[in-house]
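# Geometric and topological summary
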Amino acid sequence: MIFAAFVLDLVLYYEQVFMAEAKATFEHFPAILYSTLYPVSIGLLFGLPAFVQTCAAKESWSFDWIKFIAFGIPALMGSILFLLYYSPAAEYLPAMSFFYYGSKLSSICGIAFGYLVLSCWKKQASIPVSTDGTVR
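All figures in this text were calculated on a predicted structure; none of them were measured in a lab. (Residues numbered from 1 in each chain as written. Predicted model: local features only at pLDDT ≥ 70, side-chain atom pairs only at ≥ 80, totals over all residues. Heavy atoms only, no water.)

## A closer look at the side chain of T54
- Considering the arrangement of structural elements, one finds T54 in helix α2 (residues 29–56).
- Sequence-distant contacts of T54, that is, excluding residues within four places in its chain, are made with W61, W121, K122 and K123. (Helix = DSSP H or I, 4+ residues; strand = E, 2+ residues; numbered from the N terminus. Contact = heavy atoms within 4.5 Å.)

Encoded structure:
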């Protein structure tokens, strides 16, 4: 818990550093990239304790593709919302529609995506199968 508080303090400090640099140099891409990536790292931090417990189990690994596709991909798209304005597709996007709710939406989606990346990995007990194909 103390480690998480330290990391959160460090992340928020560097966000302020990037924002101040963006105001001074008028180069906003590093600040926007950082504000896109730090919620994902916070989500990874939230998912780490459960992932460590999963790693301790002795079963075989599996990945929950349905959960990842249904929740992870939309969360990823919501978290990279602001980066779309620096892509070639930016000329086709409406001018200010993302900026009304985008910052909070991007942060929430980034935290959810970071957590889902680790929570989709599970361990399942393997079913023993005999050489003739029947389950023992």
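Moving on from the model shown.
## Overview of the packing of aromatic side chains
- Scanning all chains against the criterion turns up nine aromatic pairs.
- Between F51 and W61, the aromatic rings sit 5.9 Å apart at their centres with planes inclined by 35°, giving tilted as the arrangement. Here W61 lies in strand β1 (residues 60–63) and F51 lies in helix α2, a separation of 10 residues in the sequence.
- Take W61: its relative accessible area is 40%, and that puts it in the partly exposed class.
- Look at F68 and F113: their rings are 6.3 Å apart centre to centre, the planes differ by 45°, and that puts the pair in the tilted class. Taken as a pair, F68 in helix α3 (residues 65–79) and F113 in helix α4 (residues 102–119) lie far apart in primary sequence, 45 residues in all. The burial state of F68 is the same as that of F113; both residues are buried.
- Through pairs of rings, three or more aromatic residues link up here, namely F51, W61, F63, W65, F68, F113 and W121. (Phe/Tyr/Trp six-rings, centres within 6.5 Å; stacked < 30°, edge-to-face > 60°. Buried < 20%, exposed > 50% of the residue type's maximum accessible area, 1.4 Å probe, protein only.)

## As for a nonpolar patch on the surface
- A grouping of F3, F6, L10, Y13, Y14 and V17 is seen on the molecular surface, where their side chains present a nonpolar patch of about 630 Å² in accessible area.
- Relative to the elements of secondary structure, V17 occurs in helix α1 (residues 2–25).
- With a relative accessible area of 34%, V17 lands in the partly exposed category. (Patch = residues over 30% accessible without salt bridge, like charges linked within 9 Å, V, L, I, M, F, W, Y side chains within 5 Å. Areas by Shrake-Rupley, 256 points an atom, 1.4 Å probe, with all protein chains shown as cover. Salt bridge = Lys/Arg side-chain N within 4 Å of Asp/Glu carboxyl O.)

## Examining the packing of α1 against α2
- Orientation of α1 relative to α2, taken along the N-to-C sense of each, is 170°, at an axis distance of 9 Å. Accordingly, the angle class assigned to the pair α1 and α2 is roughly antiparallel. The segment α1 lies against α2, with F3, A4, V7, L8, L10, V11, L12, Y14, E15, F18, M19 and A22 engaging P30, A31, Y34, S35, Y38, I42 and L45.
- In the contact of α1 with α2, the residues fall into 17 nonpolar, one polar and one charged. (Axes fitted to C-alpha atoms, helices over the stretch in contact; angles between N-to-C directions. Parallel < 35°, antiparallel > 145°, perpendicular 65-115°, else oblique. Nonpolar A, V, L, I, M, F, W, Y, C, P; charged D, E, K, R; others polar.)

## Some thoughts on the nonpolar core
- The biggest cluster of nonpolar side chains holds six residues, and these are V40, F63, F68, A75, F113 and C120.
- In this structure, F68 is in contact with F63, I73, F113 and C120, ignoring residues within four places of it in sequence. (Core = buried A, V, L, I, M, F, W, Y, C linked by side-chain atoms within 4.5 Å.)

## Thoughts on α3
- Taking 1.5 Å per residue as the helical rise, α3 with its 15 residues ought to reach 21 Å, and the 19 Å between its terminal C-alpha atoms agrees with that figure.
- Along α3, the largest kink reaches about 35° and is centred on G72; proline P74 follows within four residues of it. (Expected span 1.5 Å × (residues − 1). Bend = angle between axes of the 7 residues up to and from the residue.)

## Here we look at the layout of surface pockets
- The calculated volume of the largest pocket comes to roughly 240 Å³.
- The wall of the largest pocket is formed by 15 residues, among which M19, I32, S35, F82 and S103 lie closest to the centre.
- The set of elements that each furnish at least two residues to the lining of the largest pocket consists of α1, α2 and α4.
- When residues of the lining of the largest pocket are assigned to their parent elements, the largest contribution, five residues, is made by α2.
- Across the lining of the largest pocket, the residue classes tally to seven nonpolar, six polar and two charged. (1 Å grid on protein atoms, 1.4 Å probe; cavity = no way out; pocket = protein on both sides within 12 Å on 5 of 7 lines; lining within 4 Å. Points joined across faces, edges and corners; volume = space filled by probe spheres on them.)

The values reported here are purely geometric and, on their own, carry no functional implication.
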